[in-house]
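# Commentary on secondary and tertiary structure
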Amino acid sequence: MSEVCGKQWLERLEETRYSDDIVRDCLVSVTKAKKLPRLDQSLVAQLLHQIISNVSDRWLSSPYSGTITLEACSFLDPDIFVLSFSSLLLELRGNSRLKFLLSLMENMFQQNMFKQLLICECLKPQAKMIWTKLCTVIASLPNHFANKLQNLESLSVFHHEKFFELLGLDMVLCIDFLVSKVMQGTDVNTELLSKFIGQFCLIGKAANLFRGLLPAMVYHSHSNFVWRRILHKSFLNIPDRCTEPVLLYLFQHSPKHCLYAIIGDLALKHEKAKFTIQHKLLLVKHFKSPNVVENIFSYLSALDDGESSEIVHETLQKLLEVWKSKTAIKQTSYEQHRHISTAILVCVRCLGRIDEKHMDSLLQDLMTGMKNHLDSPDTQVRTLGMLVGQKVTEALQLPVKDDAKLEFDYPKNKETETLMEVLKSVPEPTEAFFTQQLQIYSDIKSQFVKPTNQKTLTTFSATKAVFKEIVAVKNLRLDDPPGGGNETDEPNEEEIQDSDDDDEFDAYPMPKETPFSKIAKPMYIRDCMDGLINNDSREKMEIYLGSLIQLIETDVTATKEVAAELCKILLNIQNNYALDEFSDTRRNAMALLAAINPEPVAEYLTGEFYSEHYSLQQRIDMLDVIVMASGRLSAISNRNLKSEQHVPQIAESRPEHDVSKALPWQQVVADRIESKTRRFGKARRPAPEVGPNRFGPVAGAFFYPLMAGYDKRVRTLDLLGTDTIVLGRLLYTLGTILYSCAGTTVSEAMCASLLDFLTSLRSHTEPFIRRACVYCVSMVTASAPQLTDRLGEAALEARAWLCGVISSDEDEQTRALAANTLTMMDLKAREELRLANNVT
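So, a few notes on the structure that sits alongside this text. The structure presented is a predicted model; accordingly, all values stated were derived computationally and were not measured.

## Some words on the packing of helix H28 (residues 525–534) against helix H31 (residues 563–572)
Their axes nearest at 10 Å, the elements H28 and H31 cross at an angle of 25 degrees. Classified by the interaxial angle, the pair formed by H28 and H31 is roughly parallel. With respect to the hand of their crossing, H28 and H31 are arranged in left-handed fashion. The residues of H31 that touch H28, namely those facing Ile525, Met529, Leu532 and Ile533, are Glu565, Leu566, Ile569 and Leu570. Of the residues belonging to the contact of H28 with H31, the class tally is seven nonpolar, no polar and one charged.

See below:
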């Protein structure tokens, strides 16, 4: 079609106001033309543009309009079609014209128009100047159609997920065609393919694009060298701004040991890719799954033999430099630090043996990092330090004896088990695995084949089928009317023969056999104290310590007299015989003593807390005892200790079946009926027995002395310096004490004192301390009788600090706790204001 002919058709269409017959004749003349040059194709595109914009709705709905228009569009080059009709999409108005254009473009893309576009530009680049515009236009088509139609259900191909999956499948077909051309000796250019991959990943569609593309790349790169070379060239030409999202998805979702075949020596030839792999994915970002780290080091280990070992050693050095930094431990989140620790473990596994020339620097960084980790007050951080230190020293293969190897007694939990899993080597994929990848690609490709019209099961019929299956399992008959059957529910003969229920008979309690011992149990509390002081044998210590709590609860009067002295003995006693229950029994006994005689025990514990003669563990034990004692004294349920006037009764040793203890037969029958009866509805639970808060009058003896000496520095304690773990536990203890005396007359003054105490510690560099401060603020919120009235200025200042923590704190857990505390504070303040307005 010449330029003159095109202008004549436009004039005729305008004169006849785009009548149906003239439009049909115009399109027929276009379809009869031969291969058109690009200039004439632009005229045809302009002609189609005007026809779709001005033709009547009757012609658009005719059965032949779509077919003839689609045939006319097939004469256009793919780039001209995309640019022309995408501009038409932005100008069109009216639902019928938009749906006609949608159907037209869907058919073109389903006929692999995108593949034809890639093939044309890869073999003979004609539109290189508009590649960037092409990428932008194609990437924005789903959004334009969604904005125009406002109905996502009508979008089949141009759905924002399916569209990019279809483009990924077209890329596979394009690469297959290019492989055949390369094998025939034809040169190809993959720059446009690289631009499309980068652009689609940059707008967040990597998951949809690689859904079908990645399995095909894994399969073909394993078995086809030409496929591998084309992929290497394609990923090498990806623009710098798109490198990170592409590599991020590949390293997250690629199967292990397959990335090198897909991207080749990209880390050696592309500086941005090397920076992304070695720095951003390892030191800046963090991932819950270790798949990214394992893919990174399996890829780095597969590089050229001359470069691989050096790059892996260089990466390990960078990881240890960040891992050892005290600032990084404090400022980064635990998730980020766990990610770095996982990377170190995987790197050590991939190296196998560390070169001697790197040994000294790695060992020095490791020792510094272990010290900084063990000094941290966070238990999780200390566990990471112990685990990484132990495994890296094993990899260094230092010349030490077997009994001198570094071993830590770190806790065994799900976290450490996950870290230990990454030390296990991952086997190479088998041929069956690659065949499975090809099957995955085929399954995804089959989803874009138009399904035939088949009668499907409705929701009602499916629900009814499921219901019938469930009823059949229960051996019920749906067809019989209720009560219409003549059958009766008769028990089986086996059930009639034995109707006794063995579960109704109570088991006879067998007395526990106590091991024979030459050492007798102590009968009095002072005898027990003497035995604990002597501490001359394991058996004696075990018996005396095991009898201690029973003696304390039995003779409260005698225990009250020696409570402070016995607490001193228990605090200073050592576990010389490695008894299993030593620590728990010791703490529980001290908490009982503090509950029996609070004031002298509290005076002793709080006075000795800042003494220089105790270790950090002993100070932490003191705080634990105070917390346990406050819980016992302030318990709501009436589970208080026996009063001093109570005389313990010694139970007679009678067997359980003694006739004198037998219950009346009516009660036995009633109990059995009650146990066999099913009741529907909520059972009424008896209200808990309420007792006075015995902790209120003595709370000040525990609370104020602990705050008095926090800024004192003694030889074995520096709370504001290195001993941050004790400072954090101190803050948690103060918050718990405050919550235990909530509702008492002393809680208001203690709330004000605690908020004032926190002022100098809220900006601490340790996240553990900041979390403890947030906890104390939450306890003030829960315990204060009037938050807005009597604690107005202090509460507003604490609220402003919480807002700052939420917006700027580096630690994720601290931000989450601050958000919860702020919500609780606002709810309580709103409730207090509502009650105040109701009163007035």
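## Examining the packing of helix H32 (residues 582–596) against helix H33 (residues 598–609)
Between H32 and H33, the least distance of the axes is 6 Å, while the angle of their chain directions is 125 degrees. With respect to H33, the element H32 is oriented oblique. Residues Met590, Leu593, Ala594, Ala595 and Ile596 of H32 pack against Pro598, Val601 and Leu605 of H33. Considering only residue class, the contact of H32 with H33 consists of eight nonpolar, no polar and no charged.

## A closer look at the side chain of Ser221
Here Ser221 is to be found in helix H12 (residues 206–223). At a separation of 2.5 Å, a polar atom in the side chain of Ser221 contacts the main-chain carbonyl oxygen of Met217. One polar contact links the side chain of Ser221 to the main-chain carbonyl oxygen of Val218, over a distance of 3.4 Å. Beyond its immediate chain neighbours, meaning those up to four positions away, Ser221 contacts Arg228, Leu231, Ala261 and Ile262.

## Thoughts on a negative patch on the surface
Judged by side-chain charge, Glu539, Glu542, Asp580 and Glu581 come together as a negatively charged surface patch. Within the fold, Glu581 resides in the loop between H31 and H32.

## Some points on helix H39 (residues 767–783)
In this model H39 runs 24 Å from its N-terminal to its C-terminal C-alpha over 17 residues, within 8% of the 24 Å that 1.5 Å per residue would give. Most of H39 is tucked away: 15 of the 17 residues are buried.

## Focus on the pattern of salt bridges
Overall, the coordinates contain 23 salt bridges when judged by the stated rule. A salt bridge links Glu310 to Lys357, with the nearest nitrogen and oxygen atoms 3.6 Å apart. Pair noted here: Glu310 is in helix H19 (residues 305–324) and Lys357 is in the loop between helix H21 (334–351) and helix H22 (359–374), with a separation of 47 residues, a long-range link. By relative accessible area, which is 36% here, Glu310 ends up partly exposed. Look at Lys357 and you get exposed, because its relative accessible area is 63%. Asp718 serves as the salt-bridge partner of Arg713, at 3.5 Å between the closest nitrogen and oxygen. Judged by its relative accessible area of 16%, Asp718 falls in the buried class. Residues participating in the shared-partner salt-bridge network are Asp584, Arg586, Arg587 and Asp621.

Conventions adopted
Numbers given to residues run from 1 along each chain, matching the order in which its sequence is written. Local features in this predicted model are restricted to residues whose pLDDT is 70 or higher, and side-chain atom pairs enter the listing and the counts only when it is 80 or higher, whereas totals over whole chains, interfaces and linings include all residues. With hydrogens and water stripped out, all remaining heavy atoms of the structure feed into the side-chain values. Geometry is summarised by axes, namely lines fitted to C-alpha atoms with helices restricted to the contacting stretch, and by angles between N-to-C directions that run from 0 to 180 degrees. Helical segments are the DSSP runs of H or I of at least four residues, strand segments are the runs of E of at least two, and each set is numbered from the N terminus. Here the angle decides the label: under 35 degrees means roughly parallel, over 145 means roughly antiparallel, 65 to 115 means roughly perpendicular, and every other value means oblique. The hand of a helix crossing depends on one turn: near helix anticlockwise from the far one by less than a right angle means left-handed, and clockwise means right-handed. What makes two residues a contact is simply this: any of their non-hydrogen atoms within 4.5 Å. Charged residues are taken to be Asp, Glu, Lys and Arg, nonpolar residues to be Ala, Val, Leu, Ile, Met, Phe, Trp, Tyr, Cys and Pro, and polar residues to be all remaining types, Gly included. Any pair of N or O atoms that falls within 3.5 Å is considered a polar contact. Within protein, one atom must be able to donate a hydrogen and the other to accept it, and sequence-neighbouring residues count only if both atoms are side-chain atoms. Residues enter patches when their relative accessible area tops 30% and they take part in no salt bridge; the joining distance is 9 Å for like charges and 5 Å for the nonpolar side chains Val, Leu, Ile, Met, Phe, Trp and Tyr. Computed with a 1.4 Å probe, the accessible areas rest on the Shrake-Rupley method; for each residue, only the protein chains presented here act as cover. A carboxyl oxygen of Asp or Glu within 4 Å of a side-chain nitrogen of Lys or Arg is what we treat as a salt bridge. Asp and Glu count as negative and Lys and Arg as positive, but His and the ends of the chain are not part of the count. Here the site of a charge means NZ on Lys, CZ on Arg, CG on Asp, or CD on Glu. Multiplying one less than the number of residues by 1.5 Å gives the expected span of a helix. Burial here depends on accessible area, computed with a 1.4 Å probe over protein chains only, as a share of the maximum for the residue type. Under 20% is buried, over 50% is exposed, and the range in between is partly exposed.

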